[in-house]
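As a plain string of letters, each chain reads:
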Amino acid sequence: MSTESVPAATNARVINAMTVDVEDYFHVSVFDGIVPRSRWADMESRVCANTERLLDIFDEFKVRSTFFMLGWVAERHPGLVRDIAQRGHEIASHGYAHRLIYDQTPAAFRDDVRRAKQLLEDAAGCFVAGFRAPSYSVTPRSLWALDVLIEEGYRYDASIFPIRHDRYGIPVSPREPFSIDRSGGSLMEVPGSTVRLGPLNLPIAGGGYFRILPYAWTRWGIARLNAVEHQAAVFYIHPWEIDPEQPRLQAGWLGRFRHYRNLDKTEDRLRALLTDFRFGTVAALLRVCEPAAPPEQPLTLALPYQW
Ligand SMILES: [Zn+2]
C-alpha cells in the first residue's frame, strides 16, 4: 500500500479508465526481429498466469477494467477471454497478430481486426466495441485505419497518443476523448493520457512511463488531470509488466531498458495506484457498450489534421 496516498477529496469524483493490453512478453514490438511470428507458438507462454494475477488484484480493489486482447491469444486461450468477461470486465481488441498499422496495407489491417473481433466475440459471447493498435501505431501515416475500424463495427479507438515519440504519436491531436465523424459513420477516439507543460504534452498514465519513471510522476499527473482539468485518465499496463521471472530476450540496449526496467516494482506500484485513484472500464467512461447505443453528448472537435 502507498504511504503517500492522494487525499480522497482531490480525485473522488473522477473515475479513470484502467486498461490492459493482453499479450505475451515475446509479442512486444521491440522483439519483432528477434522472435518472428513463425516461432510464437514454440515460446513459453506466460500470458494466462500473468493476466489471472492482474484479475485477482483488480478483484481485491473491486475494479473493472478493459482488456485489449490479441486475437492470437484468444485463439489459443478462449477460456482466458471467457474468464475475464465473466469476472465483469470489458473485452476489447488489440488486433490479431500485433502488427504495426503503418507497416500494413489497409486490406491486411482489415483482415487482422476483423479476425480479432470475431475470435474475441465468439470466446466472450459479447459485443466488442473497442480497439487499441499495437504500439499506438495510428499516426499521420495510418489515419485510414480509423475508417476501417468504423466499417468493421468498432465503436471506439484508443490508439492515438498526442505526444512526440520515436515510434508513434500525433502531438497535435486532442488530449481528451473526442468523436471522429466520417462519411461511413463515427468512432470515439480515446487518447493516451498526458499533462500539458508549456508547449509539450507529456505522457503520464501507463506502460514504460509508469514502470520506468518514479510512481510520483504518474500520481501527480493523474491527480492534476482529475482535479484541474476534470478529465479521466486512461491508464494502461501489460500482463508481462508484473512478471520479473520472464525469459530474457536479446534486443538493443534501448529496447532492453524499456522492456525489463523495474519489472519487480510494477505490482506494488499498481496496488498504490489502485489505492490512490478510482478506475472503471473505457466502455463505462464513454457509455458505449452496445452497437445500438450511441455515446451521450459526444465531444466533436475540429481536428487539426485531415486524411
Ligand atoms: Zn501491444
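As a starting point, this report considers the structure included with it. (Residues numbered from 1 in each chain as written. Predicted model: local features only at pLDDT ≥ 70, side-chain atom pairs only at ≥ 80, totals over all residues. Heavy atoms only, no water.)

## Some thoughts on the overall build of the chain
- Along the chain, the regular secondary structure elements total ten helices and eleven strands.
- Its C-alpha atoms give the chain a radius of gyration of 18 Å, near enough to 19 Å, the size a compact globule of 307 residues would have.
- Counting every position in the chain, which comprises 307 residues, the buried fraction comes to 56%.
- Within the chain, counting contacts between residues at least 6 apart in sequence, those at least 24 apart form 76% of the total. (Helix = DSSP H or I, 4+ residues; strand = E, 2+ residues; numbered from the N terminus. Rg over C-alpha atoms; globule rule 2.2 N^0.38 Å. Buried < 20%, exposed > 50% of the residue type's maximum accessible area, 1.4 Å probe, protein only. Contact = heavy atoms within 4.5 Å.)

## Remarks on the coordination of the zinc ion
- Taken together, E23 (OE), H94 (NE2) and H98 (NE2) make up the full set of protein donors to the zinc ion, lying 2.0 to 2.1 Å away.
- All donors of the zinc ion belong to a single chain; written as a sequence motif, their spacing is E-x70-H-x3-H. Of the two residues, E23 is situated in the loop between β1 (15–22) and α1 (47–60) and H98 in the loop between β3 (90–93) and α4 (106–124); the sequence distance between them amounts to 75 residues. When sorted by exposure, E23 lands in the same class as H98, which is buried. (Donors = N, O, S within 2.8 Å, 3.2 Å for Na, K, Ca; no water.)

## Things to note about the packing of α1 against helix α3 (residues 78–86)
- Orientation of α1 relative to α3, taken along the N-to-C sense of each, is 5°, at an axis distance of 11 Å. Considering their axes alone, α1 and α3 lie roughly parallel with respect to each other. Touching C48, T51, E52 and L55 of α1 are L80, D83 and I84, all from α3.
- Per-class residue counts for the contact of α1 with α3 are four nonpolar, one polar and two charged. (Axes fitted to C-alpha atoms, helices over the stretch in contact; angles between N-to-C directions. Parallel < 35°, antiparallel > 145°, perpendicular 65-115°, else oblique. Nonpolar A, V, L, I, M, F, W, Y, C, P; charged D, E, K, R; others polar.)

## Notes on the nonpolar core
- If you look at the biggest cluster of nonpolar residues, it comprises 75 residues, and the most contacted ones within it are M18, F58, M69, F235, L270 and L273.
- Among the elements that line this core, the one with the most residues is α4, at six residues.
- Residues A92, Y156, A158 and V282 belong to the second largest nonpolar core, which totals eleven residues. (Core = buried A, V, L, I, M, F, W, Y, C linked by side-chain atoms within 4.5 Å.)

## Focus: the packing of aromatic side chains
- Scanning all chains against the criterion turns up 20 aromatic pairs.
- Taking the centre distance of 5.9 Å and the plane angle of 20° together, the rings of F161 and Y168 count as stacked. For the residue pair F161 and Y168, the accessibility class agrees, reading buried in each case.
- Aromatic ring contacts, followed pair by pair, group Y136, F161, Y168, Y209 and Y236 into a single cluster.
- The ring of Y96 has R115 lying over it, and the distance from NZ or CZ to the ring centre is 3.7 Å.
- Across the ring face of Y102, the terminal group of R141 is positioned such that the distance to the ring centre comes to 4.2 Å. (Phe/Tyr/Trp six-rings, centres within 6.5 Å; stacked < 30°, edge-to-face > 60°. Lys NZ or Arg CZ within 6 Å of the ring centre and 35° of its normal.)

## Structural notes on helix α8 (residues 253–260)
- Those residues of α8 lying buried are G255, H259 and Y260. Seen from one end, α8 has its buried residues packed into an arc of 100°, which puts them on one side.
- Tucked inside the fold, the buried residues of α8 contact α6 (207–212).
- Within two residues after α8, N262 carries a phi angle of roughly 65°, on the positive side. (Arc of directions from axis to C-beta.)

## Regarding the pattern of salt bridges
- One pass over the structure, following the stated rule, counts 22 salt bridges.
- Put simply, D147 and R182 hold a salt bridge, and the shortest N to O gap is 2.7 Å. In this pair, D147 sits in helix α5 (residues 144–151) while R182 sits in strand β6 (residues 178–182), placing the two residues 35 residues apart along the sequence.
- Judged by its relative accessible area of 29%, R182 is partly exposed.
- Between R219 and D276 there is a salt bridge, with the nearest N and O atoms lying 3.6 Å from each other. You can see R219 sitting in helix α7 (residues 215–227) and its partner D276 sitting in helix α9 (residues 266–276), a full 57 residues away along the chain. Each member of the pair R219 and D276 is classed as buried.
- If you follow the salt bridges from partner to partner, you end up with E52, D56, D59, D83 and R87 in one network. (Salt bridge = Lys/Arg side-chain N within 4 Å of Asp/Glu carboxyl O.)

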